[in-house]
Amino acid sequence: MKPSFAPSVLSFNHAELGGPVKELMQAGADWIHCDIMDGQFVPPITFGAEMVAHFKAYGSTPLEAHLMAKTPDRHFEAFIKAGCKRIIFHAEATAHAHRLAQTLHNEGVQAGMAINPGTSAELIEPMLDFLDVVLVMTVNPGWGGQTFIPQCLEKVRNIRSLNDRIDIEVDGGIDTETIQLAYAAGANVFVTGSFLAEAESPARGLEALRKACDTK
């Protein structure tokens with residue numbers, strides 16, 4: 001599957017997000033990935049729907065909200081109103097994954113479900129026909145700049161073997177080397193934050209990731 005790129009704004013200065021968001025949109029990012037942390041599902045707190053809504057002013061690139069939240073469905077309405085076209089909730093945060101996916105589809109947005117490094121891919125198998133994207137965390141959620149966990153790629157392979165159409169997104173420790181490993185395993189959507197924040201510019205970092213996939 002053709003790779004697509006969903007840069008995360010987590011590792012950029014949150015007081016000056018407009019600059020990198022605009023640059024990444026102009027550089028051809030497929031999505032802008034918004035990491036939403038509630039201080040309960042994960043310890044940190046990031047930002048909310050009001051800030052995400054401002055990103056629409058910088059371009060037409062679709063927004064996705066990754067809800068690292070204990071009660072994700074309570075936040076659906078706010079992020080849909082903010083303009084998110086895809087919302088990802090965690091399998092570990094709900095016993096009603098099908099209902100949550102159904103709710104999102106009824107609101108006209110894509111539904112995604114994420115699994116943490118310690119969660120088996122088997123948990124997501126019954127949901128594959130009801131999701132648009134599966135997010136396999138390749139670090140433990142909560143902080144940017146962590147080291148990629150290669151053992152998580154086996155989950156990517158398992159999910160891809162079960163479904164050849166679904167988007168498989170990976171998030172955590174993605175750089176020009178690990179993106180090749182993830183792409184070869186079957187992932188096709190790549191979230192990266194700290195790599196872009198540390199690059200010469202976000203646009204140049206995004207281009208380097210594209211070239212890395214081209215040489216797989």
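Residues numbered from 1 in each chain as written. Predicted model: local features only at pLDDT ≥ 70, side-chain atom pairs only at ≥ 80, totals over all residues. Heavy atoms only, no water.

**Here's the deal with helix H8 (residues 202-214)**
The terminal C-alpha atoms of H8, which comprises 13 residues, lie 19 Å apart, in line with the 18 Å expected from a rise of 1.5 Å per residue. Pro-202, Gly-205, Leu-206, Leu-209, Ala-212 and Cys-213 are the residues of H8 that are buried. Around the axis of H8, the buried residues are gathered within 115° of arc, so they sit on the same side. Facing away from the buried side of H8 by over 90 degrees, the exposed positions are Arg-204, Lys-211 and Asp-214. Tucked inside the fold, the buried residues of H8 contact strand S1 (4-5), helix H1 (18-26), helix H6 (178-185), strand S8 (189-191) and helix H7 (194-198). (Helix = DSSP H or I, 4+ residues; strand = E, 2+ residues; numbered from the N terminus. Expected span 1.5 Å × (residues − 1). Buried < 20%, exposed > 50% of the residue type's maximum accessible area, 1.4 Å probe, protein only. Arc of directions from axis to C-beta. Contact = heavy atoms within 4.5 Å.)

**A look at the packing of aromatic side chains**
This structure, assessed with the given rule, holds 4 aromatic pairs. Relative to Phe-190, the ring of Phe-5 has its centre 6.1 Å away and its plane inclined at 40°; by these criteria the two rings are tilted. Taken together, the residues Phe-5 in strand S1 and Phe-190 in strand S8 connect sequence positions 185 residues apart. The exposure classification of Phe-5 matches that of Phe-190, with both residues buried. Centroid distance Phe-76 to Phe-89: 6.4 Å. Interplanar angle 45°. Geometry classified as tilted. You can see Phe-76 sitting in helix H3 (residues 76-81) and its partner Phe-89 sitting in strand S4 (residues 84-90), a full 13 residues away along the chain. Residue class for Phe-89 comes out buried when judged on its relative accessible area of 0%. Taken together, the aromatic side chains of Phe-5, Tyr-183 and Phe-190 make up a single cluster linked through ring pairs. (Phe/Tyr/Trp six-rings, centres within 6.5 Å; stacked < 30°, edge-to-face > 60°.)

**Considering the pattern of salt bridges**
Going through the model one piece at a time under the given rule, you end up with 6 salt bridges. The partner of Glu-169 in a salt bridge is Arg-86, and the shortest N-O contact between them spans 3.5 Å. Taken as a pair, Glu-169 in strand S7 (residues 167-171) and Arg-86 in strand S4 lie far apart in primary sequence, 83 residues in all. Owing to a relative accessible area of 0%, Glu-169 belongs among the buried residues under this scheme. With a relative accessible area of 1%, Arg-86 lands in the buried category. Counted as one network, the salt bridges with shared partners bring together Glu-64, Arg-86 and Glu-169. (Salt bridge = Lys/Arg side-chain N within 4 Å of Asp/Glu carboxyl O.)

**Observations concerning the nonpolar core**
One broad rule of soluble globular proteins: the nonpolar side chains tend to lie buried together. Counting residues in each nonpolar core, the largest one holds 61 residues, and the members touching the most others are Val-52, Phe-79, Leu-131, Val-136, Ile-159 and Phe-190. The contacts of Phe-190, once residues within four sequence positions are left out, are Pro-3, Ser-4, Phe-5, Ala-6, Val-170, Ile-179, Ala-182, Tyr-183 and Cys-213. Ranked by size, the runner-up nonpolar core spans 6 residues in total, among them Ala-114, Leu-135, Met-137 and Val-139. (Core = buried A, V, L, I, M, F, W, Y, C linked by side-chain atoms within 4.5 Å.)

**Side note on the sheet that holds strand S6 (residues 133-137)**
On the basis of which strands lie adjacent, the open sheet formed by 8 strands has the order S1-S8-S7-S6-S5-S4-S3-S2 and parallel pairing. Each edge of the open sheet carries a strand with a single partner, namely S1 and strand S2 (32-37). As judged from the 5 bridges shared by S6 and S7, these two strands associate in the parallel manner. Along S7, the bridge assignment pairs Leu-135 with Glu-169. (Pairing = 2+ DSSP bridges.)

**Digging into the side chain of Glu-169**
Looking at Glu-169, its side chain comes within polar contact range of the side chain of Arg-86, at 3.5 Å. Excluding residues that lie within four positions of it along the chain, Glu-169 makes contacts with His-33, Glu-64, Arg-86, Ile-88, Val-133, Val-134, Leu-135, Val-136, Val-189 and Val-191. (Polar contact = N/O pair within 3.5 Å; in protein donor to acceptor, adjacent residues only side chain to side chain.)

**Some details on the pairing of S7**
In terms of burial, S7 is largely enclosed, as 4 of its 5 residues are buried. A crossover links S6 with its parallel partner S7, the connecting element being helix H5 (residues 153-162), and its sense is right-handed. Of the pairings in the sheet, the one linking S7 to S8 comprises 3 bridges and is parallel in character. Considered in S8, the bridge of Asp-171 is made with Val-191. The β-α-β motif built from S7, the intervening H6 and the parallel element S8 has right-handed crossover chirality. (Right-handed = clockwise from strand over helix to strand, strands pointing away.)

On their own, these measurements won't tell you what the molecule is for.
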